Amino acid sequence: DTGVSQDPRHKITKRGQNVTFRCDPISEHNRLYWYRQTLGQGPEFLTYFQNEAQLEKSRLLSDRFSAERPKGSFSTLEIQRTEQGDSAMYLCASSAPGQRNEQYFGPGTRLTVT
Amino acid sequence: AQSVTQLDSQVPVFEEAPVELRCNYSSSVSVYLFWYVQYPNQGLQLLLKYLSGSTLVKGINGFEAEFNKSQTSFHLRKPSVHISDTAEYFCAVSPLRSSYKLIFGSGTRLLVRP
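Reading the values: the criteria
- Residues numbered from 1 in each chain as written.
- Chains lettered and ligands numbered in written order.
- Predicted model: local features only at pLDDT ≥ 70, side-chain atom pairs only at ≥ 80, totals over all residues.
- Heavy atoms only, no water.
- Helix = DSSP H or I, 4+ residues; strand = E, 2+ residues; numbered from the N terminus.
- Buried < 20%, exposed > 50% of the residue type's maximum accessible area, 1.4 Å probe, protein only.
- Areas by Shrake-Rupley, 256 points an atom, 1.4 Å probe, with all protein chains shown as cover.
- Lys, Arg positive; Asp, Glu negative; His and termini not counted.
- Charge placed at Lys NZ, Arg CZ, Asp CG, Glu CD.
- pLDDT = per-residue confidence, 0-100.
- Salt bridge = Lys/Arg side-chain N within 4 Å of Asp/Glu carboxyl O.

**Student:** Report on the overall build of chain A, specifying residues and quantitative values.
**Tutor:** In terms of helices and strands, chain A carries zero helices and 11 strands. Secondary structure elements of chain A, listed N to C terminal, follow the sequence β-β-β-β-β-β-β-β-β-β-β. C-alpha extents for chain A along the principal axes are approximately 40 × 25 × 25 Å. In chain A, which comprises 114 residues, the share counted as buried stands at 47%. With an accessible surface of roughly 5900 Å², chain A has 42% of that area assigned to carbon and sulfur atoms. Positive and negative side-chain charges in chain A, numbering 15 and 13 respectively, have mean positions lying 5 Å apart.

Next comes the structure, spelled out in structure tokens:
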């Protein structure tokens, strides 16, 4: 049983560039969550999917951010026109049907915007 | 709205000593309670969770936590720590009958010294 995987693990980009991250949840997990963690802080909720439907978005998710889960399996998080304030660890988590309260986290993608 | 407070940003302790990491929360609705651990450059791992029933919850690696509704607290304890317990610990809540998103505290770094 493989866990939640995220790609890439590290991304360095210049301000103004677009970046895309991928998350592969545990097989058959129907719920998928994205969180952002800045240095010295706990993760903050960004958005969540149940199957392919995006059911909740945080106000932290500005218009420059978009997330998709087209087939209810993997998900992508895109940030357009990156800013230095976007530098953070982006974490993905998934949960199984009937176990909505137990989320399994991936290793994260660390984004550095220069 | 919900919030989680972890007053101690860092807790130094000697190996084999007991430790308590404090967590208080605020919520207008019923919540589930969690403790997660994060090792350097890794994602979060669930230590334990309180959903209902007995207020004393046992988790992995010898950790336990006690839910106190009147004090809105969920403190984490371990009777004897090891060097390998050095990590960041996050307390989190999840409102019932919602997206089950997690709302995290700012974390407590447990530093175990030989």
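Here the narrative resumes.
**Student:** Give a description of the confidence of the model for chain A that names residues and reports values.
**Tutor:** Overall, the predicted model of chain A reaches an average pLDDT of 93, with 98% of residues at or above 70. Confidence scores differ between elements of chain A, with strand S6 (residues 53-57) of chain A showing the lowest mean pLDDT of 92 and strand S3 (residues 19-24) of chain A the highest of 98.

**Student:** Describe in detail the pattern of salt bridges, supporting the description with residues and values.
**Tutor:** A side chain of one charge can pair with a side chain of the opposite charge if their charged atoms are brought near each other. By the definition in use, this model includes 10 salt bridges over all chains. Residues A:Glu102 and B:Lys49 are paired through a salt bridge, measuring 2.5 Å at the closest nitrogen-oxygen approach. A residue pair is termed interchain when its members come from two chains, as with A:Glu102 in the loop between strand S9 (88-95) and strand S10 (104-105) and B:Lys49 in strand S6 (residues 44-50). Note that B:Glu66 is salt-bridged to B:Arg77, the shortest N-O span being 3.4 Å. In this pair, B:Glu66 is assigned in strand S8 (residues 64-68) and B:Arg77 in strand S9 (residues 73-78), connecting sequence segments 11 residues apart. Judged by its relative accessible area of 27%, B:Arg77 falls in the partly exposed class. It is possible to trace a salt-bridge network through shared partners that takes in A:Arg64, A:Glu83 and A:Asp86.

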